[in-house]
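# Topology and contacts: notes
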Amino acid sequence: MHVKTPALLLSLILLAGCGSMANPVNWFGNDAPDESVLEPIDEANPLIPQRTGIFQSRNTPQPYLGSTIDAVSDLTLERVPGGLIIRATGQSASFGAFNAQLTPANEDELPVDGVLTYQLQAQYARVSGGTPESRQVIVARQLTDQELQGTRTIRVEGLQNALERRR
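Below: a short report on this structure. (Residues numbered from 1 in each chain as written. Predicted model: local features only at pLDDT ≥ 70, side-chain atom pairs only at ≥ 80, totals over all residues. Heavy atoms only, no water.)

What follows covers the overall build of the protein. Of regular secondary structure, the protein possesses two helices and eight strands. Listing each helix as α and each strand as β along the protein from the N terminus yields α-α-β-β-β-β-β-β-β-β. In the protein, which comprises 167 residues, the proportion classed as buried is 21%. (Helix = DSSP H or I, 4+ residues; strand = E, 2+ residues; numbered from the N terminus. Buried < 20%, exposed > 50% of the residue type's maximum accessible area, 1.4 Å probe, protein only.)

Let us look at the environment of Thr-117. Tracing the backbone through its elements, the reader meets Thr-117 in strand 5 (residues 115-124). Assessed through its relative accessible area of 17%, Thr-117 is described here as buried. In the structure, Thr-117 is positioned 14 residues away from Thr-103 in sequence and 8.6 Å away in space, judged by C-alpha atoms. Aside from chain neighbours lying at most four places away, what touches Thr-117 is Thr-103, Pro-104, Ala-105, Arg-155 and Glu-157. (Contact = heavy atoms within 4.5 Å.)

Now for the side chain of Thr-151. Residue position: Thr-151 is located in the loop between strand 6 (136-144) and strand 7 (153-157). The contact partners of Thr-151, leaving out residues within four places of it in the chain, are Pro-111, Gly-114, Leu-116 and Arg-167.

So, about the sheet that holds strand 2 (residues 71-80). Taking strand neighbours across the sheet as the criterion, the three strands line up as 2-3-6 in an open arrangement whose pairing is antiparallel. Looking along the sheet, the strands with just one partner apiece sit at the ends: strand 2 and strand 6. On average, each strand axis in the sheet is inclined to that of its neighbour by 15°, with strand direction left out of account. One ladder, built from nine bridges, connects strand 3 (residues 83-91) with strand 6; its direction is antiparallel. Looking across to strand 6, one finds that Leu-84 is bridged to Leu-143. (Pairing = 2+ DSSP bridges. Axes fitted to C-alpha atoms, helices over the stretch in contact; angles between N-to-C directions.)

On to the environment of Thr-144. Within the secondary structure, Thr-144 sits in strand 6. Expressed as a C-alpha distance, the spacing of Thr-144 and Pro-81, which sit 63 residues apart in the sequence, is 8.9 Å. For Thr-144, the residues in contact, after removing those within four places along its chain, are Gly-82 and Gly-83.

Moving on to a nonpolar patch on the surface. Side chains of Leu-8, Leu-9 and Leu-12 sit close together on the surface and give an oily, nonpolar patch of about 280 Å² of accessible area. The exposure class of Leu-8 is exposed, given its relative accessible area of 52%. (Patch = residues over 30% accessible without salt bridge, like charges linked within 9 Å, V, L, I, M, F, W, Y side chains within 5 Å. Areas by Shrake-Rupley, 256 points an atom, 1.4 Å probe, with all protein chains shown as cover. Salt bridge = Lys/Arg side-chain N within 4 Å of Asp/Glu carboxyl O.)

One pass over the structure, following the stated rule, counts five salt bridges. With a shortest N-O distance of 3.1 Å, Glu-157 and Arg-155 are connected by a salt bridge. According to the relative accessible area criterion, Glu-157 is partly exposed, its value standing at 21%. For the salt bridge of Arg-155 with Glu-164, the shortest nitrogen-to-oxygen distance reads 2.8 Å. Through salt bridges that share partners, Arg-155, Glu-157 and Glu-164 make up one connected network.

The next subject is the environment of Asn-99. Relative to the assigned elements, Asn-99 resides in strand 4 (residues 97-104). The class for Asn-99 is partly exposed, based on a relative accessible area of 45%. The sequence separation of Asn-99 and Ala-122 amounts to 23 residues, and the corresponding C-alpha distance is 5.7 Å. Those residues in contact with Asn-99 that lie beyond four places of it in its chain are Tyr-64, Gln-121, Ala-122 and Gln-123. A distance of 3.3 Å separates the side chain of Asn-99 from the side chain of Gln-123, its partner in a polar contact. (Polar contact = N/O pair within 3.5 Å; in protein donor to acceptor, adjacent residues only side chain to side chain.)

As structure tokens, this is what we get:
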């Protein structure tokens, strides 16, 4: 009895690789679908959702809805390996500034006459008041040495003033 069980298992394993009717897997018919029943396959994968609604808005760039900050109070340039970090501090006119950023003044973000210009912008919540400390906004932006080619001065603008620093 001890010899029959391993011999039976070995024979089943060997027969499983065969395409003959001696293979126990083939005893109940072929699992391949009939060619006449197959439907044409769509180009789209049904497991991947279509790019509509929320999926489309996640991948397409959205326009920035911020407005320029009232005043720029400090501008610092920090040298880092491979580039420069621009850190600007601004004072917003009202409380509730969020999602602040340094927005390039021109689309291609190239220096004009050696001056690279940014606007300090933020979005605002509908809240008024606040102390000057609570209206302060600090923003940083890193630039590589390649992006800084031809730049001698970096300028950050607010509504009331602008600050410049030489590299």
